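What follows is each chain in one-letter form.
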Amino acid sequence: MSEKQKIDMENINIFNHPRYMKVWAQRFSKACGSDTFNVAPDTIALRYLMEKFVKDYNHHLTQLEEE
């Protein structure tokens, strides 16, 4: 996988590869804003990312149970 390749969060499960989880975590961190630089949280992005985590986690657990 190329380092410059964009990851489409809509079409992947973040639990399928550590790099996907890392990209998700970076986006989550950015959405949290910054006290240091007085940047407010992006609550819409945070909600999307939290829902993405739960959806992908539940799907991942289902796959594990089937194995």
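Right above here is the structure, for reference.
Residues numbered from 1 in each chain as written. Predicted model: local features only at pLDDT ≥ 70, side-chain atom pairs only at ≥ 80, totals over all residues. Heavy atoms only, no water.

## A few points about the overall build of the protein chain
Argument step 1. Scanning the protein chain from N- to C-terminus turns up two helices and zero strands.
Argument step 2. Taken over C-alpha atoms, the radius of gyration comes to 14 Å for the protein chain, far larger than the 11 Å a tight globule of 67 residues would show.
Argument step 3. Across the 67 residues in the protein chain, those meeting the buried criterion constitute 21%.
Argument step 4. Taking the contacts inside the protein chain whose residues are at least 6 apart along the sequence as the reference set, 41% of them involve residues at least 24 apart.
Argument step 5. Of the accessible surface of the protein chain, which amounts to about 5,500 Å², a share of 55% is contributed by carbon and sulfur atoms. (Helix = DSSP H or I, 4+ residues; strand = E, 2+ residues; numbered from the N terminus. Rg over C-alpha atoms; globule rule 2.2 N^0.38 Å. Buried < 20%, exposed > 50% of the residue type's maximum accessible area, 1.4 Å probe, protein only. Contact = heavy atoms within 4.5 Å. Areas by Shrake-Rupley, 256 points an atom, 1.4 Å probe, with all protein chains shown as cover.)

## Topic: the environment of Cys 32
Argument step 1. Among the structural elements, Cys 32 can be located in the loop between α1 (18-31) and α2 (43-66).
Argument step 2. For the pair Cys 32 and Leu 46, spaced 14 residues apart in the sequence, the C-alpha separation amounts to 7.0 Å.
Argument step 3. Dropping the residues within four chain positions of it, Cys 32 is found in contact with Pro 41 and Leu 46.

## Notes on a nonpolar patch on the surface
Argument step 1. A cluster of nonpolar residues, Tyr 57, Leu 61 and Leu 64, forms a patch on the protein surface that exposes about 240 Å² of accessible area.
Argument step 2. Here Leu 64 is to be found in helix α2.
Argument step 3. The partly exposed category is assigned to Leu 64, whose relative accessible area is 43%. (Patch = residues over 30% accessible without salt bridge, like charges linked within 9 Å, V, L, I, M, F, W, Y side chains within 5 Å. Salt bridge = Lys/Arg side-chain N within 4 Å of Asp/Glu carboxyl O.)

## Here we look at the packing of aromatic side chains
Argument step 1. The final tally for this structure, using the stated rule, is five aromatic pairs.
Argument step 2. Through a chain of ring-to-ring contacts, the aromatic side chains of Phe 15, Trp 24, Phe 28, Phe 53 and Tyr 57 assemble into a single cluster. (Phe/Tyr/Trp six-rings, centres within 6.5 Å; stacked < 30°, edge-to-face > 60°.)

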